[in-house]
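As a plain string of letters, each chain reads:
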Amino acid sequence: MDSNRSKPQNKQSTLDRNVHYALDRLVDARDSVNNWCVARIIDYDDTRDQIRVSFDGWSPKWDEWYGIESGKVAPFRKWTRGYTGQKKVALRQIHFSNDITDEYIMHMDRYIEDEFLDAEPYEKTQF
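Okay, so let's go over this structure. (Residues numbered from 1 in each chain as written. Predicted model: local features only at pLDDT ≥ 70, side-chain atom pairs only at ≥ 80, totals over all residues. Heavy atoms only, no water.)

Another point: the side chain of serine 54. Relative to the helices and strands, serine 54 resides in strand 3 (residues 50-55). Here aspartate 63 takes part through its side chain, which lies 3.1 Å from a polar atom of the side chain of serine 54. (Helix = DSSP H or I, 4+ residues; strand = E, 2+ residues; numbered from the N terminus. Polar contact = N/O pair within 3.5 Å; in protein donor to acceptor, adjacent residues only side chain to side chain.)

Right under this line is the structure:
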């Protein structure tokens, strides 16, 4: 029998914590009525080993602090599927970095140059 398997693994490795619980990372978290929901890490406190999460689709008044070892947070999509926010009036914050936006703009510029600049209107529109 492997000696590593017989040891209890109560604490997550530092690497797992850095990967799963980094600032601005999506996670699964239990809300105030104990449902698993998608949340984004918006703050952390290394001294207390806690993260503050903002639930996807909910206002900031529902933001919560959780201990990483509390059992109330898990890596993204471990317990959730699909959209878990409010059903009637979803409040979503979509984050786009300038780097990603610039990359898409360059991609679209190249696409337009390659596909449309030297083409006759009929070739692309068939009118």
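The subject of this paragraph is the environment of tryptophan 62. Tracing the sequence through the fold places tryptophan 62 in the loop between strand 3 and strand 4 (64-67). The class of tryptophan 62 is partly exposed, set by a relative accessible area of 34%. Along the backbone, tryptophan 62 and aspartate 31 are 31 residues apart, and their C-alpha atoms lie at a distance of 8.2 Å. Look past the residues within four positions of tryptophan 62 in its chain and what remains in contact with it is Ser32 and Phe55. (Buried < 20%, exposed > 50% of the residue type's maximum accessible area, 1.4 Å probe, protein only. Contact = heavy atoms within 4.5 Å.)

Another point: the sheet that holds strand 2 (residues 36-45). Strand order in the open sheet made by the five strands is 4-3-2-1-5, with antiparallel pairing throughout. Pairing within the sheet leaves two strands with one partner each, and these edge strands are strand 4 and strand 5 (73-75). Strand-to-strand, the axes of this sheet are offset by a mean angle of 50 degrees, without reference to chain direction. As defined by bridge partners, strand 1 (residues 26-30) adjoins strand 2 across five bridges and the pair is classed as antiparallel. Residue leucine 26 lies in a different strand from strand 2, and its bridge partner there is arginine 40. (Pairing = 2+ DSSP bridges. Axes fitted to C-alpha atoms, helices over the stretch in contact; angles between N-to-C directions.)

The buried fraction of strand 2 is high, at seven of ten residues. Counting the residues that bridge the hairpin from strand 1 to strand 2 gives five residues, and of these asparagine 34 lies at a positive phi of roughly 75 degrees. Note that strand 2 and strand 3 share six bridges and pair antiparallel. Paired with aspartate 43 across the two strands is arginine 52, which belongs to strand 3.

Within the largest apolar cluster, twelve residues are counted, these being Tyr21, Val27, Ala29, Cys37, Ala39, Ile41, Ile51, Val53, Phe55, Tyr66, Ile68 and Val73. Elements supplying a minimum of two residues to this core: strand 1, strand 2 and strand 3. Filtering out sequence-adjacent residues up to four positions away, valine 27 remains in contact with His20, Tyr21, Cys37, Val38, Ala39, Ile41, Val53, Ala74 and Phe76. (Core = buried A, V, L, I, M, F, W, Y, C linked by side-chain atoms within 4.5 Å.)

The subject of this paragraph is the environment of tryptophan 79. Along the chain, tryptophan 79 falls in the loop between strand 5 and helix 3 (98-115). When the C-alpha atoms of tryptophan 79 and aspartate 28 are compared, they prove to be 6.6 Å apart, with 51 residues separating the residues in sequence.

Moving on to a nonpolar patch on the surface. A contiguous nonpolar patch, built from Met108, Tyr111, Ile112, Phe116 and Leu117 and spanning about 490 Å² of accessible area, is present on the exposed surface. Examined against the element boundaries, phenylalanine 116 turns out to sit in the loop between helix 3 and helix 4 (121-125). (Patch = residues over 30% accessible without salt bridge, like charges linked within 9 Å, V, L, I, M, F, W, Y side chains within 5 Å. Areas by Shrake-Rupley, 256 points an atom, 1.4 Å probe, with all protein chains shown as cover. Salt bridge = Lys/Arg side-chain N within 4 Å of Asp/Glu carboxyl O.)

What follows is about unusual backbone geometry. Only a minority of non-glycine residues have a phi that is not negative, and only a minority of peptide bonds are not trans. Even without being glycine, aspartate 49 reaches a positive phi, approximately 60 degrees. Counting through the fold element by element, aspartate 49 comes out in the loop between strand 2 and strand 3. Within the chain, arginine 77 stands out as a residue other than glycine whose phi angle is a positive 70 degrees. The residue arginine 77 is located in the loop between strand 5 and helix 3 in this model. Look at arginine 77 and you get partly exposed, because its relative accessible area is 30%.

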